[in-house]
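# Chain and residue survey
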Amino acid sequence: KGVNPMGWPTFGPTSFSAYNFHPTMPGMIGWTVTTKHPNVKPGDHPWSVFEPYAVSKEDEDIIKAFFDLSPEEDVRFVSESKVVKPPSEPGQGWGGKGRVTLIGDAAHALRAASGLGGAMAFEDGAVLCRILSDACGTNLLLDRSCTEEIISQFENSRIPRVYIVWEDEWDRAEKFYTEKRAEPWTAEYKEWLFQGV
């Protein structure tokens, strides 16, 4: 679950990925089409961006089968996505104020390249829980004036790690759209990444 077992390289500035799960229908698979094509608008059929490019008959048949098996209303570009870049240095947080903070994609949306957006969100949750747990041990949470300090501590503690992952994912996604291959992760980066928080 959550693995991308099937993905096609770029068709021009467009990619197609299929997943071995569907977010709302158990036993079904899901798929996504992402593009940087300048003429695409919400509501357009995804095949319009594949058709101009030379794709193999096999790829064409597979992609069309996904479209044909999907409800017509689902086979449309639905929105323009925005990528939220976190600050590169701790000190300003990423926008939490008072008793409110953001985690995961709401705070630092990664591009879909290695599936690390969800991992960063889980890490955010774990780090925030630790900080709140430490604050509970000192009765800090009884004083609401300290909440902003806790939020700031949480956000700024996450910035260095999230920024490094964000930059790597951005680079990998850009290379994917330009048909270049991203270099494999180094052993040191992989160890650092999988070590978690």
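Residues numbered from 1 in each chain as written. Predicted model: local features only at pLDDT ≥ 70, side-chain atom pairs only at ≥ 80, totals over all residues. Heavy atoms only, no water.

Another aspect to go through is the overall build of the protein. Counting its regular elements, the protein contains 6 helices and 3 strands. Of the regular secondary structure in the protein, the N- to C-terminal order runs β-β-β-α-α-α-α-α-α. Put simply, the protein has 197 residues, and 32% of those count as buried. Intrachain contacts of the protein at a sequence separation of at least 6 include 62% that bridge at least 24 residues. As displayed, the protein offers around 12,400 Å² of accessible surface, 55% of which is attributable to carbon and sulfur atoms. (Helix = DSSP H or I, 4+ residues; strand = E, 2+ residues; numbered from the N terminus. Buried < 20%, exposed > 50% of the residue type's maximum accessible area, 1.4 Å probe, protein only. Contact = heavy atoms within 4.5 Å. Areas by Shrake-Rupley, 256 points an atom, 1.4 Å probe, with all protein chains shown as cover.)

Turning to the packing of aromatic side chains, a few remarks are in order. Per the counting criterion, the structure on display carries 9 aromatic pairs. When the centroid spacing of 6.1 Å and the interplanar angle of 80 degrees are considered together, the rings of Trp185 and Phe194 count as edge-to-face. Judged by relative accessible area, Trp185 falls into the partly exposed class, the value being 23%. Joined through ring pairs, the aromatic side chains of Trp31, Trp47, Phe50 and Phe67 make up one cluster. Over the face of the ring belonging to Trp170 we find Arg111, whose NZ or CZ atom lies 4.3 Å from the ring centre. (Phe/Tyr/Trp six-rings, centres within 6.5 Å; stacked < 30°, edge-to-face > 60°. Lys NZ or Arg CZ within 6 Å of the ring centre and 35° of its normal.)

So, about the pairing of strand E2 (residues 14–19). Counting buried positions along E2 yields 5 of 6 residues, so the element is predominantly enclosed. In terms of strand pairing, E2 meets strand E3 (residues 30–35) through 6 bridges, oriented antiparallel. Across the sheet, the residue bridging to Ala18 is Trp31, located in E3. (Pairing = 2+ DSSP bridges.)

Generally speaking, nonpolar side chains in soluble globular proteins are found buried as a group. Judged by nonpolar contacts, the single largest core of 14 residues is most densely connected at Phe16, Trp31, Val33, Phe50, Ile63 and Phe67. Listed by contribution, the elements that provide at least two residues to this core are E2, E3, helix H1 (47–50) and helix H2 (57–69). Discounting residues that sit within four places of it in the chain, Phe67 has contacts with Phe16, Trp31, Val33, His45, Pro46, Trp47, Phe50 and Val75. The next biggest cluster of nonpolar side chains, apart from the first, holds 9 residues, and it includes Val127, Leu128, Ala135 and Ile150. (Core = buried A, V, L, I, M, F, W, Y, C linked by side-chain atoms within 4.5 Å.)

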